Amino acid sequence: MSHRLLRIAGPIIGVVVLGLALKALHEQLRAYHYRDIVRQLGELPLPQVLLAVVLAILSYGVLTGYDWIALRYVGSPLAYRKIAPAAFIATAVSNNVGLTWLSGGSVRFRFYSSQGLSTAEVSKVVGYISLSFWVGFTTLGGALFLFDPPPIPPGLHLPGTSLRLIGVLFLAVAAVYMGFVLVRRQPVRVRGWELAMPTRHHLIWQVLVAGGDWLLAASTLYALLPRHDVSFHAVLGAFIVAQMSGLISHVPGGLGVFETVVLFFLSDRIPKPTILGTLLVYRAIYYLLPFAISVVMIGVHEFYQRRAHVQRLAATAGRWGSALLPPVFALATFTTGVLLLVSSFTPSLEDRLIEVNRFVPWPIMEASHFLGSLAGAGLLLLSRGIQRRLDGAYVLTVALLAAGIATTLLRGLEIETAIVLALLLACLLPCHREFYRKASLLHEHFTAGWILAILAALAATTWLGLFVHRHEELSSDMLWAFVLHGDAPRFLRASVGAAVVVVVFAGAHLLRPLPPRPERPSEADLATVRDIVSHSPRASAHLALLGDKSLLLNESRTGFVMYAHQGRGWVVVGDPIGPEEELPGLVWLFHEEVDRHDGLTVFYGVGPEHLPLYLDMGLSPQKLGEEARVALEGFSPDAGGPGTVPDGCHFEVVPADGVGALLPELKRVSDDWLSRQGHREKGFTMGYFDERYLSGCPVALVRREGRVVAFANLWTGAGHEELAADLVRFSAEAPVGVMDFLLEQLLLWGRREGYRWFNLGLTPSPEMEGGALAPTWSRLGSLLFRHGEHFEDLQALRAYKERFHPVWEPRYLASPGGMALPFVLADVAALVSRGPRERWGSGKN
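Residues numbered from 1 in each chain as written. Predicted model: local features only at pLDDT ≥ 70, side-chain atom pairs only at ≥ 80, totals over all residues. Heavy atoms only, no water.

Tracing the sequence through the fold places Tyr436 in the loop between α16 (415-428) and α17 (448-468). C-alpha of Tyr436 to C-alpha of Arg388: the two residues are 48 residues apart in sequence and 9.6 Å apart in space. Those residues within four positions of Tyr436 in sequence are excluded, and the remaining contacts are Arg389, Pro584, Trp588, Leu613 and Asp616. (Helix = DSSP H or I, 4+ residues; strand = E, 2+ residues; numbered from the N terminus. Contact = heavy atoms within 4.5 Å.)

Written out as structure tokens, the structure reads:
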């Protein structure tokens, strides 16, 4: 419960602060009319606007420097021409969404990981960028507040020395950091992370880039203000305080908070309508324009990706471009929804209204105005589906954008809004293939952040409508007043319609049946899964038949995932099983189920071919090790095996229907092996002795003088694609070399039966050994193998498999990254080491 409260605390604080900021704005602008602000927008000189655009371009150019110095810090030689696009898009997204670690950080992870950087390195890059940001903020802000603080507005009732004290604190923090960099050379260790200290060269670049960022961003705002009325240092001071307030508030982009603070600090020298009009233009130039460009960049990339599909141009760029689509287009969809609501809640230009009325019947104009608000509310809701790659959400978004274009033109010839919608539609149209999930938006999990963002958008746009029409007496009777110049009645109908759309959707979402918690699979489910496994070429699919894991089947019951949960971790063994085209839907279905129960999605032992699916969900891949697969076509004892034949031993394979009669002998061998090894039955990633389980698959035997002395149950892949041995056990009376003999004969038998591969199982790769130079997470992964799967000597295990000259294929753990990873590994290790009888009833949150 405390974890859930912490997750929603930030969004709740953001909504509260936004409400307070809107109330303060309302008080500040009480004496002014909406048309005063519109008039100020029209009077803004074009040269000032162009200068602001140039300064914004320079500012974003400097902002890409954050990524450049961060990548040099982690030792990456990535060229600036490859860094700049990702840095620009990440910055544009994080400036509008806020929460750099979650928004810009995810963009950077998707791009830089495709360029060969590890998860740990990308995390360090994002952390270093945040550090550089605060170095510039504390240095520049501290100097300004200490030596030349801007005057504090009387309405804040703060002592005049308060900013100087903040300046001293900021400079002290900056000085401590700089001193630490200059004095300390050894790496810093924080919770398992080893962080190299920046060099003096890095420190200089940090100060220059971050300082240039703040100065150019403030200069963009200053260029739009009437310069004879206020000095640059006053604008810089107000700008830094406003940005600090926006960051503290958790409101995306500091929307409303930033504007309120600037109004407080500058309103004694510049008229309030002028300030607010300038701030609107500033937000459009510095926030919305770069974000729109980032959307166009991804859309153009996707368009050329489709044109060059046959040639497969820029495969790496394709991976990161595809990964960026959901978050960027989700934010763009949300933003256009807000734009449609704003245009529906504010008056249309009178001359355009009259011009449209000459050609469009008045009832159609009224209907277009109302439908435009419904489309805006719909886009707010659909943005979540776009983020989750829903095909239905994509189709509805395209339809609502087209409808929005039509309504904005029919209701008041709002060409500017129509152009914005058309641009997003043009960028979205080539990207249908990226929205592949066949699922209902009603069954999507809306996080607290998404819910509060939608409510905040509705509240803010409704406040704007109330502010615009505050000089009119609003009443319910206006809902039925239909007149050409009735802006207030149209606002009331539009706001009620948008609210109804959201309330109806929320009601339908709340009334949907809740999914059940994980439970032991039923006999019917096991029968269905047994049929799916029989058609799967992957031998490891037989793990599902143990009955010790939960099973999640897709709606058509043609595919499934097998999983267990421990702590907050919901851990899937391997990739989903089923037809290839069903796998993306299965992965997302499982992810949604985990979201509903506030868990952590984990996929254990997945192959590289499906990593893009897990990246789409925001999971981070960590290499677990490599799976050894022996090509059977060319195998022979001389070419690839030990070649030992113990005296008196005989090998045979008993089909599944004959295993029942052998169970007592197999039980004797298994119990003897367990007692001598000092192990217990485990399960999860491997089988255990269960009569029903063993009776369902062939068993390979080694007999000596008629008695079974060793056995291995076999997993057989469909189409003779793959063969594997699960339980491999021998008794004390077995001769020396019996295991080598059993494995060699299995390989030869598999070759005779026409199998292509024999799977020797997962083994940690050499770099996962716990040496001093091994990455932290790799050392933790090594611990997972040692203490979870009880491999005492990883090098000996790998050396034994090498005798068969296998092909080594990487296997990964896909899970939430960062500081969640140690807990995920602990949960996986607990599951791997836990016995089958402990599987059910544990793992509770």
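What follows is about the pattern of salt bridges. Applying the stated criterion to the full structure yields 18 salt bridges. We note a salt bridge from Glu733 to Arg668, for which the minimum N-O separation is 3.2 Å. Here Glu733, found in the loop between β11 (722-730) and α25 (738-752), pairs with Arg668, found in helix α23 (residues 663-677); they are 65 residues apart in sequence, far enough to count as distant. A relative accessible area of 35% places Glu733 in the partly exposed class. In this structure Arg668 comes out as partly exposed when scored by relative accessible area, which is 27%. The partner of Asp672 in a salt bridge is Arg676, and the shortest N-O contact between them spans 3.0 Å. (Salt bridge = Lys/Arg side-chain N within 4 Å of Asp/Glu carboxyl O. Buried < 20%, exposed > 50% of the residue type's maximum accessible area, 1.4 Å probe, protein only.)

Here we take up the pairing of strand β7 (residues 620-631). Looking along a regular strand, one sees the side chains alternate between the two faces of the sheet. Buried residues dominate β7, accounting for 9 of its 12 residues. Here 9 bridges tie β7 to strand β13 (residues 807-815), and the two strands are oriented antiparallel to one another. Note that in β13 the partner of Gly625 across the bridge is Arg811. (Pairing = 2+ DSSP bridges.)

Formed by 113 residues in total, the largest nonpolar core has its most connected members in Tyr112, Tyr282 and Phe329. Excluding its chain neighbours within four sequence positions, the residues that come into contact with Tyr282 are Ala217, Thr220, Leu221, Leu224, Phe239, Phe258 and Tyr287. (Core = buried A, V, L, I, M, F, W, Y, C linked by side-chain atoms within 4.5 Å.)

Moving on: the sheet that holds β13. Spatially, 11 strands are ordered β3-β4-β5-β6-β13-β7-β12-β11-β10-β9-β8 in an open sheet, and the strand pairing comes out mixed. A strand with exactly one partner marks an edge of an open sheet, and here the two such strands are β3 (550-553) and β8 (649-654). The mean angle between the axes of side-by-side strands here comes to 30°, regardless of whether they run parallel or antiparallel. Against the sheet, helix α19 (residues 523-534) makes contact with β3 and β4 (560-566), and its axis sits at roughly 70° relative to β3, the strand it touches most. Across the face of the sheet, helix α20 (residues 583-596) comes into contact with β3, β4, β5 (569-573) and β6 (600-606) while running at roughly 140° to β6. (Axes fitted to C-alpha atoms, helices over the stretch in contact; angles between N-to-C directions.)

As a further point, take the side chain of Thr333. In this structure, Thr333 sits in helix α12 (residues 315-345). Thr333 sits in the buried class, given a relative accessible area of 1%. The contacts of Thr333, once residues within four sequence positions are left out, are Leu379, Ser383, Ile386, Thr397 and Leu424.

Further remarks concern the packing of aromatic side chains. Summed over all chains, the structure comprises 23 aromatic pairs. Each ring, one from Tyr60 and one from Tyr286, has its centre 5.2 Å from the other, and the planes form 50°; the classification is tilted. With Tyr60 in helix α3 (residues 46-73) and Tyr286 in helix α11 (residues 272-307), this pair connects stretches of sequence that are 226 residues apart. When the centroid spacing of 5.3 Å and the interplanar angle of 55° are considered together, the rings of Phe137 and Phe170 count as tilted. With Phe137 in helix α6 (residues 119-147) and Phe170 in helix α7 (residues 162-183), this pair connects stretches of sequence that are 33 residues apart. On the accessibility criterion, Phe137 (2% relative accessible area) is buried. Cluster of aromatic residues (ring-pair linked, three or more members): Tyr60, Phe88, Phe133, Trp134, Phe137, Phe145, Phe170, Trp214, Phe239, Tyr282, Tyr286 and Tyr287. Here the guanidinium or amino end of Arg283 rests over the ring plane of Tyr287, the centre of that ring lying 4.6 Å away. (Phe/Tyr/Trp six-rings, centres within 6.5 Å; stacked < 30°, edge-to-face > 60°. Lys NZ or Arg CZ within 6 Å of the ring centre and 35° of its normal.)

Attention now moves to unusual backbone geometry. The backbone of Arg557 shows a phi angle near 55°, a positive value even though the residue is not glycine. Positionally, Arg557 belongs in the loop between β3 and β4. Exposure remark for Arg557: the relative accessible area of 36% places this residue in the partly exposed category. The phi dihedral of His720 is positive, around 55°, even though this residue is not glycine. Judged by its relative accessible area of 33%, His720 falls in the partly exposed class.

Bringing helix α10 (residues 257-266) into the picture now. In terms of burial, α10 is largely enclosed, as 9 of its 10 residues are buried. Within α10, burial applies to Val257, Phe258, Glu259, Thr260, Val261, Val262, Leu263, Phe265 and Leu266.

Side chains that are three or four residues apart share a direction in an α-helix, a result of its 3.6 residues per turn. In this model, helix α15 (residues 391-412) (22 residues) spans 32 Å end to end at C-alpha, consistent with the 32 Å of a helix rising 1.5 Å per residue. Along α15, the residues classified as buried are Asp391, Ala393, Tyr394, Thr397, Val398, Leu401, Gly404, Ile405, Thr407, Thr408, Arg411 and Gly412. Immediately beyond the C-terminal end of α15, within one or two residues, lies Leu413, with a positive phi of roughly 50°. (Expected span 1.5 Å × (residues − 1).)

This part is about the confidence of the model for the chain. Per-residue confidence for the chain gives a mean pLDDT of 76, with 74% of residues at or over 70. Across residues 305-321 the pLDDT falls below 50, and counting only partners more than four positions away or on other chains, this stretch makes 19 contacts in the model. Ignoring residues within four places in sequence, the model shows residues 835-845, a span with pLDDT below 50, making 32 contacts including any to other chains. (pLDDT = per-residue confidence, 0-100.)

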